[in-house]
Amino acid sequence: MAAAGDGPWLDDAAGRLVRPFQVSNGRTRPSVALDLMSQVMATGATPLGYLGPEHAQALDLCRAPVSVAEIAAHLKLPAAVTKVLLSDLVDTGALTTKPPAYSHQPTDRALLEAVLDGLRRQL
């Protein structure tokens, strides 16, 4: 088992000992609308108040613009929990967010057909 100060509490057999929704104090809805492809970046402002270690890890990952999905992957947390953590940081002024810039409409038929064709080739 890892020491308490060595990042997330992990157990080789059991996995993460702190459940993901404990990280967000049971909250499941972020205060800021975030898409998985939304870009977030640190502002340089120091967040006021207590933030957990996951908040600090997320903030550290945001030195350059990065997507919400990438942060969730690095933190090994569900996207819903990651969005809550990031919205906390936006609320404190430590992060800024930018909606994703789509070059296609999400329901663009040609794009969806191209994705489907690619998936069929993989199977």
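What you are looking at is a predicted structure, and each value in this text was computed from that prediction instead of being measured.

### A word on the overall build of the protein
- Each helix and strand counted, the protein has five helices and five strands in total.
- Each helix (α) and strand (β) of the protein, taken in turn from the N terminus, gives the series β-β-α-β-α-β-α-α-β-α.
- Evaluated residue by residue, the protein yields a buried proportion of 27% over its 123 residues.
- Sequence separation of 24 or more characterises 68% of the internal contacts of the protein that already satisfy a separation of 6 or more.
- Summed over all atoms, the accessible surface of the protein reaches about 8200 Å², with 58% contributed by carbon and sulfur.

### Structural notes on unusual backbone geometry
- Its identity is not glycine, yet Lys-76 carries a phi of approximately 60°, on the positive side.
- Along the polypeptide, Lys-76 turns up in the loop between helix H3 (68-75) and helix H4 (79-91).

### Describing the sheet that holds strand S3 (residues 39-42)
- On the basis of which strands lie adjacent, the open sheet formed by three strands has the order S4-S3-S5 and antiparallel pairing. Each edge of the open sheet carries a strand with a single partner, namely strand S4 (66-67) and strand S5 (95-98).
- Relative to S4, S3 runs antiparallel, the two being bridged by two bridges. By the bridge assignment for S4, Val-40 is matched with Val-66.

### Thoughts on the packing of H3 against H4
- Contact geometry of H3 with H4 gives a least axis separation of 9 Å together with a crossing angle of 110°. Overall, the two elements H3 and H4 adopt an arrangement that is roughly perpendicular. Contacts between H3 and H4 pair Val-68, Ile-71, Ala-72 and Leu-75 from the former with Ala-79, Thr-82, Lys-83, Leu-85 and Leu-86 from the latter.
- Taken together, the residues of the contact of H3 with H4 break down into seven nonpolar, one polar and one charged.

### Considerations on the confidence of the model for the protein
- When the pLDDT values of the protein are averaged, the result is 78; 73% of them are 70 or greater.
- The low-confidence segment residues 1-7 (pLDDT under 50) makes six contacts with residues lying over four places distant or belonging to another chain.

Calculation notes
- Residues numbered from 1 in each chain as written.
- Predicted model: local features only at pLDDT ≥ 70, side-chain atom pairs only at ≥ 80, totals over all residues.
- Heavy atoms only, no water.
- Helix = DSSP H or I, 4+ residues; strand = E, 2+ residues; numbered from the N terminus.
- Buried < 20%, exposed > 50% of the residue type's maximum accessible area, 1.4 Å probe, protein only.
- Contact = heavy atoms within 4.5 Å.
- Areas by Shrake-Rupley, 256 points an atom, 1.4 Å probe, with all protein chains shown as cover.
- Pairing = 2+ DSSP bridges.
- Axes fitted to C-alpha atoms, helices over the stretch in contact; angles between N-to-C directions.
- Parallel < 35°, antiparallel > 145°, perpendicular 65-115°, else oblique.
- Nonpolar A, V, L, I, M, F, W, Y, C, P; charged D, E, K, R; others polar.
- pLDDT = per-residue confidence, 0-100.

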